[in-house]
Structures are given as structure tokens and as C-alpha cells.
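# Analysis of the macromolecular model
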Amino acid sequence: MQLYISPSLRHITVFPGKGFKEFIKVKVGSRRVSYRMLFYSLLFFTFLLRFVFVLTAVDTIDGERKCSTIGCLGKRLGPSLLGRRLDANVPEVIYQVLEEPISKDELKGRSDVPQTLEDFMAEIKKSKSDAKTFAIKLREMVTLLEQRTRTAKIQEYLYRHVASSSIPKQLHCLALKLANEHSTNAAARLQLPSAELVPALVDNSYFHFVLASDNVLAASVVASSLVHNSLRPQNVVLHIITDRKTYSPMQAWFSLHPLSPAIIEVKALHHFDWFAKGKVPVLEAMEKDQRVRSKFRGGSSAIVANNTEKPQVIAAKLQALSPKYNSMMNHIRIHLPELFPSLNKVVFLDDDIVVQTDLSPLWDIDMNGSVNGAVETCRGEDKFVMSKRLKSYLNFSHPLISKNFDPNECAWAYGMNIFDLEAWRKTNISLAYHYWLEQNLKSDLSLWQLGTLPPGLIAFHGHVHVIEPFWHMLGLGYQDNTTFADAESAGVIHFNGRAKPWLEIAFPKLRPLWAKYVDFSDKFIKSCHIRAS
């Protein structure tokens, strides 16, 4: 018997012949192999062989390293079963060259490195280079472009830092003109509030808001947006705290621009009895912090000169050097129970927010004994903004931090916070805040990124009640990924970051949400050339 298989593997023919019968009488245990079993076995293996060949020949779309289809498996196994080796798509020498480190100085002054992809392709085609030369040229070009991109990013962050840390001449002009008005116009020196409304300042039946700011224009937008969006403005009391130099311009503005029927109080820090009684722990800590910071950080020039850190890390350090983060206006919230001893609950507002809805429902939120009502910043659709956990702010390589806190615990935001002052007075939050400030000073500012939020995250740890994200949308000052429609639908929007809406570096598509509360026809605004865009 003879077996004939066609070249196309489509036909199998069996021919009888002498001697074959004797040949196939092979014993397996106590049984002989029959003609039929042999025929079907050959048929099965022939089909399997054809199947492997087909899978090997067909170019599947599965390009992943891990096989997820039978076709991919055939491509991987077929050549091995047939004793053939499937060559790699990328020569090994390319990987070897690209993995070799290249120093910054190695490319300095080189004029033969391609500047663009077009130059690179033209040079490769002209020289007909081998794989190794191709990889070397590619590595040099990409490394050079990376270095230039890094330098450009750092320069951008430095310029933004300078722009955001400086006082725009328009705001300086506004403060000077209002100060002059305060000294020459009795109507700009009114008692705020008037005598008959003073009892409302300690009446807990009102909705009490606190704003700490040394920026008259920013404070005017917060106050205007708060009152205009309130359903019961007659029940709104806004306590504005400022410093000594800004008190006269601030009083002049709100004397000449009343927001009746809401009640506005303007008070400087030195007007508070508690603040004037003697040593204030936060002031002492700030003075020490300023001295240590100037020696330890080396200023913005030292930060920018660091060649090892990523541009995003440098940007964070530059932002933390902003004078705002060492301003008393930013630290004063930790002393709210002492500043307002008669009040039970307040909502604290930063001066870079805009209120877009009625905030009176915040007083109906049951805090369940917690002190701080805040929005969490680790959950949300915007992963760039809402991805912050404690490890984003605290240095967990330091044992003092790592043994006391969980790096993956969700962070929360300052900017719009409900503070239950009654519950606060029963805790040691303020003492904890100052304790950790001291520990950070003793550790050469190594416990956290510079700023006021990290010590707040520690001091209020275990005392935070999470509120709905609707009440506080963040990040409008350091990214413009948020759409205008999404920002417009939030209860409070927060321009935290360098791109403040009153600066020229503000994001144009988001600035109108803030500018709508500025009266650009006002004589002080016009005379200082403050414009909508």
C-alpha cells in the first residue's frame, strides 16, 4: 500500500501494495493497528499540519507581545513546530544603542545632530545607514529635543512664577487711588457695617462667610458673586479680613460700592483683640519659615538650576515660593475660633473663587461632629485635578510622616470650606497645626511641599466631612482642560494656581466667568485701565 499526499494538501490517496500489511502490524500492548485507524490518524495529522501552515502564513492584526487570538498563537508556534526561527521585527542592536546613556555635554556644540524629523529622514536616506547608525542618530536627535523641551518648559514656569508673584500695576494703581479716596472723601470712610447692623455680626441666625484677602479687586468679585447669587441676601454677613496696608483701600471700595441688603464687615488683623494681645503662634512660625526658606531653597534661581528634577516638580517648587503661601491671609483660617468667638459656623472663602449659586444650603449639611466640610480631590472625571492623595503633598520618605499617615488617603481642598467652630473648639486642631509647623522647620522644610494646605491636611486629619464636588470645582488656575460649560455649572469655581483671573496669564476661555462680576465702567476700574480681556 502507498500513501500519496497532493502538494496543495487537498487530496490524500491510498494505494494497496505487497509487504505493507506486514509492515503495519505493529503491536501496541496486546492490539494491532488497523488500516482504518492508520488512515484517520494520517488524515488528522495532515489537517493539523495544514492548519499550522495557514496560521503561520496569515498576517494577523494582533501586534501585542501577549497572544490574545488563535491566529497570533499560530504565528508564534508555527515556525517553531516547523523548525524555523521567526526573526525579530526590530534588530537587537537598535535596543542596545537606545539603552546606552548619553550625557548632556556630549551633544553640546554639535552641529551634525538632526534638528527635525525631516532632516533625520533625509540624512538616513542619503547615507543609507545600517541599523546601528540609524539608532545612534535617532538617540541623539531625541535627546537634544528633550533637553530643549525641558529648558523651554522650565523657562515658561519661571516666567509664570514671576508674573504671578508680582503685583500688576493695574491692581497697585487701584489700591493707591482708593487709599487716596479714603483720605479725602468721608463717604469712603464709612463704618462697615453701620451701627444698627453691628448686632448681626454675632447673630448665628445669619449666614456668616469669612474672606481673608489683601487684593481689593479679587475681594470685590467674591463679595459681588456671593450676594448676587444668594436667594436671601438679607441674611448674608460677609466678614472681610485684611492687613494693615490694604485696610483703607478695602474700606473705601465697600463704602462706595455697598452690596445691600447683605451686611459687609471690613476689618484689619490689628483690629482683633485676640491678635493684638501678644504673641501669635502662626506669626512666629511664619517668621522662622521665611528665614529657613531663604537659606534652604536658594530662591527661584537655585530651583531652576537643578538639572535632575522633572519640570513639573520644579513648577511645584516655584509655585510654593509665591509670597501668597507665606502670607498671613493664607494662615489666618487656622485661628477662626479665636477671631470669631461668638459664631458657631462659618464658610471660609479664598479670594480666587467665584460663587455661582446660592450657598445657604451649606448650613443644612449635617457635619456629624466633624469640623471641616470640604470637597475631596482624589475622585472625579478630571484625573489631572482630582487625583490628589496625601502622598501628593507630604513627604512619605520621612519617618515622621510615614509612621503617622497613609499615603493613599484622599486629600481635600481649601478654597470653600464649612467650619463648625463649636466642634473645632473641642479639639486640638490649632495646636496640632503649630506643632507640625515647628516639626517642619526642625526638619529643614522636608516634611511637605511648601504651602498652607499640607499642614492643614495634617491638622484636620480625622476631622473632615466630605461634601459634594458641586460645591467646589478646582484647578481653573493651572489648567484649561475644564470646559466652559462644566465650570459654569459648578456651585463655586476656584482659580487655584498661577493663572489668576486678574492676571494677563489667565486662561482666556475661563476668565469671563470671573470678569462678569467686575464693573468695567466703574471710574476706579477705568482709570487704572483694568479691562475685560
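Heads up: the structure comes first, above all this text.
Residues numbered from 1 in each chain as written. Predicted model: local features only at pLDDT ≥ 70, side-chain atom pairs only at ≥ 80, totals over all residues. Heavy atoms only, no water.

### Considerations on the overall build of the protein chain
Which entries qualify depends on this criterion: By the criteria applied, helices consist of DSSP H or I runs no shorter than four residues and strands consist of E runs no shorter than two, each listed in order from the N terminus. Throughout, exposure labels follow a simple rule: accessible area from a 1.4 Å probe, protein chains only, divided by the maximum for the residue type, with under 20% read as buried, over 50% as exposed, and the rest as partly exposed. Two residues form a contact once any of their heavy atoms are found within 4.5 Å. Under the convention used here, a 1.4 Å probe and the Shrake-Rupley method define accessible areas, while residue burial counts only the protein chains that appear.
When its secondary structure is counted, the protein chain shows 22 helices and 13 strands. Sorting the 533 residues of the protein chain into buried and exposed places 45% on the buried side. Sequence-distant contacts, at least 24 apart, represent 71% of the contacts inside the protein chain between residues at least 6 apart. Accessible surface, the protein chain: about 29100 Å² in total, of which carbon and sulfur atoms supply 56%.

### Brief notes about the nonpolar core
To be explicit about the condition: Residues belong to one nonpolar core when they are buried, are Ala, Val, Leu, Ile, Met, Phe, Trp, Tyr or Cys, and are joined through side-chain atoms within 4.5 Å.
If you look at the biggest cluster of nonpolar residues, it comprises 70 residues, and the most contacted ones within it are Leu-174, Phe-209, Leu-217, Phe-254 and Trp-514. It is helix 8 (residues 216-228) that contributes the most residues to this core, nine residues altogether. Leu-339, Leu-394, Ala-423 and Trp-436 belong to the second-largest nonpolar core, a separate cluster that totals 42 residues.

### Focus on the side chain of Arg-333
Note the following rule: Counted as a polar contact is a pair of N or O atoms within 3.5 Å, where, for protein atoms, one must be capable of donating a hydrogen and the other of accepting one, and residues adjacent in sequence contribute only when both atoms are in side chains.
Here Arg-333 shows up in the loop between helix 14 (328-331) and helix 15 (336-339). Judged by its relative accessible area of 2%, Arg-333 falls in the buried class. At a separation of 3.3 Å, a polar atom in the side chain of Arg-333 contacts the side chain of Asp-350. Residues contacting Arg-333, with those up to four places away along its chain left out, are Phe-348, Asp-350, Tyr-414, Gly-415 and Trp-424.

### Observations concerning the state of the cysteines
Short version of the rule: By convention in this document, the label disulfide applies to cysteine sulfur atom pairs within 2.5 Å.
One pass over the full model with this rule turns up two disulfides. A sulfur-sulfur distance of 2.1 Å marks the disulfide that ties Cys-173 to Cys-528. Its S-S torsion of approximately -80° makes the covalent link between Cys-173 and Cys-528 left-handed. Here Cys-173, found in helix 7 (residues 169-184), pairs with Cys-528, found in the segment after helix 22 (523-527); they are 355 residues apart in sequence, far enough to count as distant. Side by side, Cys-173 and Cys-528 carry an identical accessibility label, which is buried.

### Quick word on the side chain of Thr-482
Relative to the helices and strands, Thr-482 resides in the loop between strand 12 (464-466) and helix 20 (484-488). Among the polar contacts listed, one links the side chain of Thr-482 to the side chain of Gln-479, at a separation of 3.0 Å.

### Concerning the pattern of salt bridges
The condition is simple: Salt bridges are identified by distance alone: a Lys or Arg side-chain nitrogen within 4 Å of an Asp or Glu carboxyl oxygen.
If you walk through the whole model with that rule in mind, you get six salt bridges. Taking the shortest distance from any N to any O, the salt bridge between Glu-100 and Arg-139 comes out at 3.5 Å. Here Arg-139 lies in helix 6 (residues 131-165) and Glu-100 lies in the loop between helix 4 (92-99) and helix 5 (117-127), a separation of 39 residues in the sequence. With its nearest N and O atoms 3.0 Å apart, the salt bridge here joins Glu-123 to Lys-137. Within this pair, whereas Glu-123 is found in helix 5, its partner Lys-137 is found in helix 6, the two being separated by 14 residues in sequence. The class of Glu-123 is partly exposed, set by a relative accessible area of 28%.

### Looking at the sheet that holds strand 10 (residues 372-374)
In plain terms, the rule: In short, DSSP must find at least two bridges between two strands for them to pair. Lines fitted to C-alpha atoms define the axes, with helix axes restricted to the stretch in contact, and inter-axis angles between N-to-C directions lie between 0 and 180 degrees.
An order of 7-6-5-8-11-10-12 is seen for the seven strands of this open sheet, with the pairing classed as mixed. If you trace the sheet from one side to the other, it starts and ends with strand 7 (263-268) and strand 12, each paired once. Neighbouring strand axes in the sheet, compared pairwise and without regard to direction, differ in orientation by 25° on average. Across the sheet, helix 9 (residues 244-256) is in contact with strand 6 (236-242) and strand 7; its angle to strand 7 comes to roughly 160°.

### Side note on the pairing of strand 8 (residues 345-349)
Put simply, side chains in a regular strand alternate between the two faces of the sheet. Along strand 8, five of the five residues are buried, which leaves the element largely enclosed by surrounding structure. The alternating pattern of strand 8 places Lys-345, Val-347 and Leu-349 on one face and Val-346 and Phe-348 on the opposite face, and all of these are buried. Bridge count between strand 5 (residues 207-212) and strand 8: three bridges; the pairing is parallel. Its bridge partner lying in strand 8, Leu-211 is registered against Leu-349. The pairing of strand 8 with strand 11 (residues 416-420) spans five bridges and is classified as antiparallel. When the bridges of strand 11 are listed, Val-346 appears paired with Phe-419.

### Quick look at the packing of aromatic side chains
Counted only if it meets this: Paired rings are identified among Phe, Tyr and Trp, the last through its six-membered ring, by centres lying within 6.5 Å, and are further divided according to the angle between planes into stacked (under 30 degrees), edge-to-face (over 60) and tilted (the rest).
Scanning the entire structure with this criterion turns up 13 aromatic pairs. Ring plane angle 85° and centroid distance 5.7 Å describe the contact between Tyr-435 and Trp-436, whose orientation is recorded as edge-to-face. Judged by its relative accessible area of 43%, Tyr-435 falls in the partly exposed class. Chaining the aromatic ring pairs together yields one cluster made of Trp-412, Tyr-414, Phe-419, Trp-424 and Phe-460.

### Let's talk about the packing of helix 7 against helix 9
Rule in force here: Orientation categories follow fixed angle ranges, with anything under 35 degrees roughly parallel, anything over 145 roughly antiparallel, 65 to 115 roughly perpendicular, and all other angles oblique. By the convention adopted, Pro, Cys, Tyr, Trp, Phe, Met, Ile, Leu, Val and Ala count as nonpolar, Lys, Arg, Asp and Glu as charged, and the other residues, Gly among them, as polar.
As a packed pair, helix 7 and helix 9 sit with axes 8 Å apart at the nearest point and diverge in direction by 75°. Classed by the angle they form, the pair helix 7 and helix 9 counts as roughly perpendicular. Here Leu-174, Ala-175, Leu-178, Ala-179, Glu-181 and His-182 of helix 7 lie close against helix 9, whose contacting residues are Ser-248, Pro-249, Gln-251, Ala-252, Trp-253 and Leu-256. A class-by-class count of the residues in the contact of helix 7 with helix 9 yields eight nonpolar, three polar and one charged.

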